[in-house]
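# Overview (structure and organization)
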Amino acid sequence: MKKFLLSTAGLVALGLASAPASAADLAARPVYTKAPPAIVSPYYDWSGFYIGANGGWGQNRDDRANVTNGLALGSHDANGGTVGGQIGYRWQNAGWVFGLEAQGNWADFTGSGVNAVAPGLNNNSKLDAFGLFTGQIGYAWNNVLLYAKGGAAVTDNNYSVTSNATSAVLSSTGDNTNWGAVVGAGLEVGFAPNWSVGVEYDHIFMDQQNRTFTTPAGVALGSTFSTGGDTDLVTARLNYRFGGPGLMKY
């Protein structure tokens, strides 16, 4: 009996000693935590049709000469303000943006210079409208777009000769439509869904054109004259784009 009690006591003591160790050997229960929300980055999409307004300043060059006798009659710049509108379409592929645009503006670029051959006369010029038909290529950093453009340009000009003493018009060409080429560059920023604002510079290449000047009575002068020159434009632009929100999520 004594041996039995001692054996029993030993087994109990062994069991008590091994019980905590067995519990400690059990794997800890995993703790589950909620995954953090996905980070969503804003992305400005430049694709779609747009319409807008623009306004700014321009300067037109007038290099005048008598073609018949080969005399240079002087040069001057005509400058002033302009306002107009534009409509176009852009599509975006990764960061690259491509587009087509038509722009039409009213203008008031006026200037004059003393006639180099007859100092009693003034050569006057006015550019009162122009249009631009261009393609665009640019690169966008989210809502900031830098682009270049190029294409065709058309201007409406009027040239005249006045008396220095009386300011009376002695002869003029009437309105003249001239075609040329244009290149430019711009920076545009999307500041709200579908809205963007920017600034643009354009240079219109316009060759001199041969003109016939007539008196107020309708009598044509005997000589042929060349007039005209290039135009520089700086405009601020505001565009509204159709076709969905400008800010997308991915």
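Cut-offs and rules
Residues numbered from 1 in each chain as written. Predicted model: local features only at pLDDT ≥ 70, side-chain atom pairs only at ≥ 80, totals over all residues. Heavy atoms only, no water. Helix = DSSP H or I, 4+ residues; strand = E, 2+ residues; numbered from the N terminus. Buried < 20%, exposed > 50% of the residue type's maximum accessible area, 1.4 Å probe, protein only. Contact = heavy atoms within 4.5 Å. Areas by Shrake-Rupley, 256 points an atom, 1.4 Å probe, with all protein chains shown as cover. Phe/Tyr/Trp six-rings, centres within 6.5 Å; stacked < 30°, edge-to-face > 60°. Lys NZ or Arg CZ within 6 Å of the ring centre and 35° of its normal. Core = buried A, V, L, I, M, F, W, Y, C linked by side-chain atoms within 4.5 Å. Patch = residues over 30% accessible without salt bridge, like charges linked within 9 Å, V, L, I, M, F, W, Y side chains within 5 Å. Salt bridge = Lys/Arg side-chain N within 4 Å of Asp/Glu carboxyl O. 1 Å grid on protein atoms, 1.4 Å probe; cavity = no way out; pocket = protein on both sides within 12 Å on 5 of 7 lines; lining within 4 Å. Points joined across faces, edges and corners; volume = space filled by probe spheres on them. Nonpolar A, V, L, I, M, F, W, Y, C, P; charged D, E, K, R; others polar.

In terms of regular secondary structure, the protein chain is built from 1 helix and 12 strands. Taken from the N to the C terminus, the helices and strands of the protein chain come in the order α-β-β-β-β-β-β-β-β-β-β-β-β. Taken across its 250 residues, the protein chain has 37% of its residues classed as buried. Summarising the internal contacts of the protein chain: among those between residues at least 6 apart in sequence, 68% fall at separations of at least 24. When the accessible surface of the protein chain is split by element, carbon and sulfur atoms take 66% of a total near 13800 Å².

On to the packing of aromatic side chains, then. The final tally for this structure, using the stated rule, is 10 aromatic pairs. Here the aromatic rings of Y44 and W46 are separated by 4.8 Å at their centres, their planes lie at 55°, and the arrangement is tilted. For the pair Y44 and W46, one class covers both residues: buried. Where W195 meets Y240, the ring centres are 4.9 Å apart and the plane angle is 65°; that geometry is what we call edge-to-face. In this pair, W195 sits in strand β8 (residues 195-205) while Y240 sits in strand β11 (residues 231-241), placing the two residues 45 residues apart along the sequence. An aromatic cluster is built from F49, Y89, W91 and F98, whose rings are joined through pairwise contacts. Above the face of the Y50 ring, R90 is positioned so that its terminal group lies 4.7 Å from the ring centre.

As a further point, take the nonpolar core. Core analysis: the largest hydrophobic core is formed by 11 residues, namely A78, A107, F109, L127, F130, L132, A153, V182, I204, M206 and L233. Counting only elements with at least two residues in this core, the list comes to β4 (96-114) and β5 (121-141). Here this core gets 3 residues from one element, more than from any other, and that element is β5. With sequence-adjacent residues up to four places away left out, L127 is seen in contact with N60, A107, D108, F109, T155, D156, N157 and T231. If you look at the next biggest cluster of nonpolar residues, it comprises 6 residues, including Y44, V97, L145 and Y147.

The next subject is a nonpolar patch on the surface. Residues W57, W96, I137, Y139, W141, L146, L187, V199, Y201 and V234 make up a contiguous nonpolar surface patch of roughly 960 Å² in combined accessible area. For the nonpolar patch, the elements supplying multiple residues, two or more each, are β5 and β8. Residue contributions to the nonpolar patch peak at 3 residues, all from β5. As for its position among the elements, Y139 is in strand β5.

All told, the structure shown has 2 cavities of 30 Å³ or more when counted by the stated rule. Surrounding the largest cavity, Y44, W46, Y50, R90, E188, N194, W195, S196, N239 and R241 form its lining. Residues of the lining of the largest cavity, tallied by class, amount to 4 nonpolar, 3 polar and 3 charged. The calculated volume of the second largest cavity comes to roughly 40 Å³. Along the walls of the second largest cavity sit N60, T155, N157, Y159, N178, I204, M206, G228, G229 and T231, which together make up its complete lining. When the residues that make up the lining of the second largest cavity are grouped by side-chain class, the tally is 3 nonpolar, 7 polar and no charged.

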